[in-house]
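Fold and geometry: a report
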Amino acid sequence: MGQKVNPVSYRLQISKDWSSKWFTRKADFRNWLVEDTKIRDVIEKRFNSRPTIARINIERSANLTTITILTAKAGAVIGKQGAGINELKKELEKIVKGPIRINVEEVKRPELSAKLVAENIGFQLGKRMNFRRAVKMACQSTMNAGAKGIRVEVSGRLNGAEMSRREKFIEGSVPLHTLRADVDFYVCHAPTIAGIVGVKVWIYKGEK
């Protein structure tokens, strides 16, 4: 079942951690879960012009909601003299009840983030780049950044073909069953002229 299980949820508490950290009673659980989804949607839509957001962590305490944005371009998120982050905070205050604190952390090696790699491939496919070239360039930059292995699957009407198909690219090794293996995974849906193209990326960073 290794290929049919999300590698991130498969390794929770072993080499991966939750993106939302809070505990509440049954009455508030639904409201907080909906709030988390809305927070992520607002942040993703605000910076969706280029792949910049690697991860959004949400941590709640009794009277404070802390949102940590891991990004490849911290300057683009913060804005000039913090104007961007202030606008984002005002927008999120309409969703979240109570005070909010927003932290912005820069990802040192964006080539090792499966989300950024998948979205970058999808962005290039949307610009009509040949899918083989886009994937091979992404694989090469990821391996050069120090990854042990990368696996990419693209499916759909590739290069505008009439028949949809699936292509798989693997460099290095990507263990699917080893729980101590640090494997990052993300699925992206890229809109192209021919239709939606699905992009799946696995990045193996070594054992923990």
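A brief look at the structure comes next. (Residues numbered from 1 in each chain as written. Predicted model: local features only at pLDDT ≥ 70, side-chain atom pairs only at ≥ 80, totals over all residues. Heavy atoms only, no water.)

**So, the side chain of Gln124**
Stated precisely, the cut-off is as follows: Helix and strand definitions follow DSSP, with helices as H or I runs of at least four residues and strands as E runs of at least two, each counted in order from the N terminus. Any two residues having at least one pair of non-hydrogen atoms within 4.5 Å are treated as being in contact.
Along the chain, the position of Gln124 falls in helix 5 (residues 114-126). Each residue touching Gln124, except ones within four places of it in the same chain, is listed here: Met129 and Ala134.

**Re the packing of helix 2 (residues 26-46) against helix 4 (residues 83-93)**
What counts is decided by this rule: In this description, a line fitted to the C-alpha atoms serves as the axis of each element, helices being fitted only across the stretch in contact, and the angle between N-to-C directions of two axes falls anywhere from 0 to 180 degrees. Here a crossing is called left-handed whenever its near helix is offset anticlockwise from the far helix by less than a right angle, and right-handed whenever the offset is clockwise. Gly is put with the polar residues, along with every residue not named as nonpolar or charged; the nonpolar set is Ala, Val, Leu, Ile, Met, Phe, Trp, Tyr, Cys and Pro, and the charged set is Asp, Glu, Lys and Arg.
Where helix 2 meets helix 4, the closest approach of the two axes is 11 Å, and the angle between their N-to-C directions is 145 degrees. Note on packing geometry: the crossing formed by helix 2 with helix 4 is right-handed. Across the interface between the two elements, Ile39, Val42, Ile43 and Arg46 of helix 2 pack against Gly84, Glu87, Leu88, Glu91 and Leu92 of helix 4. In terms of residue class, the contact of helix 2 with helix 4 is built from five nonpolar, one polar and three charged.

**So, unusual backbone geometry**
Test applied: Think of it in three bands: with a 1.4 Å probe and only protein chains considered, a residue is buried below 20% of the maximum accessible area for its type, exposed above 50%, and partly exposed in between.
Unusually for a residue other than glycine, Gln13 sits at a positive phi of about 75 degrees. Tracing the sequence through the fold places Gln13 in the loop between helix 1 (7-10) and strand 1 (20-21). Here Gln13 falls in the exposed class, since its relative accessible area comes to 66%. Of note, Asn159 is a non-glycine position whose phi angle comes to about 55 degrees, a positive value. Following the sequence through the fold, Asn159 ends up in the loop between strand 5 (149-156) and strand 6 (165-172).

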